[in-house]
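# Coordinate analysis (summary)
Here's the letter readout for the chains.
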Amino acid sequence: MRKSIATLLFSFFMTSLVSAQLERKRANPDGPVAETFLTKNIAGLGTVQLLGKGDLNSMIQHNFGDVRGGIETFFGVDEGANVRIAFGYGLTDDLNIGIGRTSREDNIDFSIDYRILHQTKLDRIPVSVVLKGNTGIRTQKESFGLTFQERLNYLGSVMIARKFSDNFSFQVSLMVSHFNTVVKTKQDSELYNTVYGLGFAGRFKINERKSISFEYLPVIGDKITDTKNHAALVYELETGGHVFQMFFMSGRWFTEQHLLTRTETDFLEPNFRFGFNVNRVFGLL
Amino acid sequence: MKKIIFTTVLCLFISSLGHSQSFKTEEGKATFYSKVPLHSFEGNSENLVGFIDLDEKTVDFYIDLETLDTGNGKRDKDMKLTLETKKYPFAEFFGKLVSDFDPESSAIQDVTVRGTFKIHGVEKEIEVEGTLQMKDNGLHVTAGWILSLLDYKIEPPQILFIKVDKEQEIKIDALLKPVDG
């Protein structure tokens, strides 16, 4: 009897002690998931990963000639690089704008990304959805015979992604590209101003700083003669200030409208090129 | 003997029911200030949770570190990485009021609390100076102290873009509402 009374007293004593300390609860357990992907791009394919408000991302993208040139071209490096220099800025956490310039055709492009859904940790919203628009214009001298309107190209994309776990994210993009002018290089070429495609992307996180990613952009429906589906395999390294992405990619471009319509090498042939992106984010606010 | 025990248990039970001198908030404000040449910034959260029991003289505060907002996405990400918020999501303080406080007065009164502050998985005994003021709608608390990152094994993120001071000034400001007994 005494033992049970002592136990009772002890329980009350402990309860009064414990009740003095609040139970620790997360403030927003179903908050938005962070870092579905490491950057705004895999190699060329855009991702649902947007810049935070006030963040400025500077990005330099390079790729070289295809590796089948062998040692004579130092596996494509001697063939010269295609370089895209781009800047993106987070107007808000859900609205980003950007500008880029690609050395091929001196294409200058303007982009806008708007997030309409952000996946939450407890799956109240199971996926993130971002709408993307990009408009490019050829500015090289050779294109001056064309009107301003004729030199424009466009991309519209709906990106749907889910972070399945801390270590794996997957994205599907529904894309449409449009070129106001397409040029025949062969007499029997089938050309299309508008081309539809999908974009698949995945990220496997190795640790907080490293991951392996891929992208694959199959064309759906009408396909321009002699073009192939673009693919890339990417190793990503975050050093804190920079994100480096080193990859093998089949496409020569870094804008999706061009990757869908200008890729002439097949990754699985195998025929691809080496390339790398360097991303640096600056906080402007 | 049984009567004494019964009375004791009854008293304990009744005392555990009554919390007339307890105050709580889940919307307190916490701010830290980082000052380095050419780059000063502050981080804010309005999710500070606090509980003060004037009978027991206990003071309990915690904050979900992921709610801290420095106004810049990249800096927030770096800060969370540095604090390892996935592993250690809270900064918390639990201690006792060691100075006198007159709850009948509505004046701002300087107080001292002593207890354990825990962040980044490291606990330290600290003493914090602050003020308490009894208002019509609750108990207003302010406090501030200097947190040395190295004391809590928080490595200043040298490789990151954002430079931070090794010592950060912390301030809290909260209005705690009476807890119904």
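Residues numbered from 1 in each chain as written. Chains lettered and ligands numbered in written order. Predicted model: local features only at pLDDT ≥ 70, side-chain atom pairs only at ≥ 80, totals over all residues.

## A word on the overall build of chain A
So the rule is basically this: Per the convention used, a helix needs a DSSP run of H or I reaching at least four residues, while a strand needs a run of E reaching at least two, with both numbered from the N terminus. Any residue whose C-beta has 12 or fewer other C-beta atoms within 10 Å is treated as exposed, any with 20 or more as buried, and any in between as partly exposed, C-beta atoms being built from the backbone. Contact between two residues is assigned whenever their backbone-derived C-beta positions fall within 7 Å.
When you go through chain A residue by residue, the secondary structure sums to two helices and 13 strands. Projecting the C-alpha coordinates of chain A onto the three principal axes gives extents of approximately 105 × 40 × 40 Å. Counting only residues that meet the buried cut, chain A has 37% of its 285 residues in that class. Taking the contacts inside chain A whose residues are at least 6 apart along the sequence as the reference set, 58% of them involve residues at least 24 apart.

## Examining the overall build of chain B
Helix and strand content of chain B: two helices and eight strands. In chain B, the succession of helices and strands from N to C terminus is α-β-β-β-α-β-β-β-β-β. For chain B, with 181 residues in total, the buried portion stands at 29%. Long-range pairs, those at least 24 residues apart, make up 58% of the contacts in chain B with a sequence separation of at least 6.

## Some points on the confidence of the model for chain A
Short version of the rule: pLDDT: the predictor's confidence for each residue, scored from 0 to 100.
Within chain A, residue pLDDT values average 91, and 92% of them lie at 70 or more. Between residues 15–19 of chain A, whose pLDDT stays under 50, and residues either more than four places distant or in other chains, the model counts two contacts.

## A short note on helix H2 (residues 73–83) of chain B
Count 3.6 residues to each turn of an α-helix, and residues three or four apart come out pointing the same way. What H2 of chain B keeps buried is the set Gly 73, Lys 74, Arg 75, Asp 76, Asp 78, Met 79 and Leu 83 of chain B. Glu 84 of chain B occupies a position one or two residues after H2 of chain B and carries a positive phi of about 50°.

## Considering the nonpolar core
Rules: Core membership is restricted to buried Ala, Val, Leu, Ile, Met, Phe, Trp, Tyr and Cys residues, and these are joined into a nonpolar core through C-beta atoms within 7 Å.
With 30 residues, the main nonpolar core has Leu 48, Phe 61, Ile 63, Val 141 and Ile 172 of chain B as its most contacted residues. When residues of this core are traced back to their parent elements, those giving at least two are strand E1 (22–36), strand E2 (39–53), strand E3 (58–64), H2, strand E4 (90–97), strand E5 (109–119), strand E7 (138–148) and strand E8 (167–178) of chain B. Beyond its immediate stretch of four places on either side in the chain, Ile 63 of chain B contacts Ala 30, Ser 45, Asn 47, Leu 48, Val 49, Phe 90 and Ala 91 of chain B. Counting 22 residues, the second largest nonpolar core, distinct from the first, contains Ile 42, Ala 201, Ala 232 and Phe 267 of chain A.

## Details of the pairing of strand E6 (residues 122–135) of chain B
All names here are of chain B. Going by this rule: By definition, two strands form a pair when at least two bridges between them are found by DSSP.
As paired elements, E5 and E6 share eleven bridges and run antiparallel to each other. Bridge pairing links Gln 109 to Leu 132 in E6. Counting the residues between successive antiparallel strands, the hairpin from E5 to E6 contains two residues, one of them, His 120, with a positive phi of roughly 60°. Both E6 and E7 contribute to a ladder of seven bridges, which runs antiparallel. When the bridges of E7 are listed, Glu 129 appears paired with Gly 144. Linking two consecutive strands that pair antiparallel, namely E6 and E7, is a turn of two residues.

## A look at the pairing of strand E1 (residues 55–66) of chain A
Pairing between E1 of chain A and strand E13 (residues 273–283) of chain A: ten bridges, direction antiparallel. Opposite Met 59 of chain A, over in E13 of chain A, you have Asn 279 of chain A as the bridge partner.

## Here we look at the confidence of the model for chain B
Chain-level statistics for chain B give a pLDDT mean of 85 and a share of 81% at 70 or above. Two numbers describe this predicted complex: its pTM, 0.80, and its ipTM, 0.77.

## Things to note about unusual backbone geometry
Negative phi characterises most residues that are not glycine, and trans characterises most peptide bonds. All names here are of chain A. In this structure, Pro 270 follows Glu 269 across a cis peptide bond, with omega equal to 0°. With a phi close to 50°, Glu 35 is a non-glycine residue in the positive phi region. Tracing the sequence through the fold places Glu 35 in the loop between helix H1 (2–19) and E1. The class of Glu 35 is partly exposed, set by 16 C-beta atoms lying within 10 Å.

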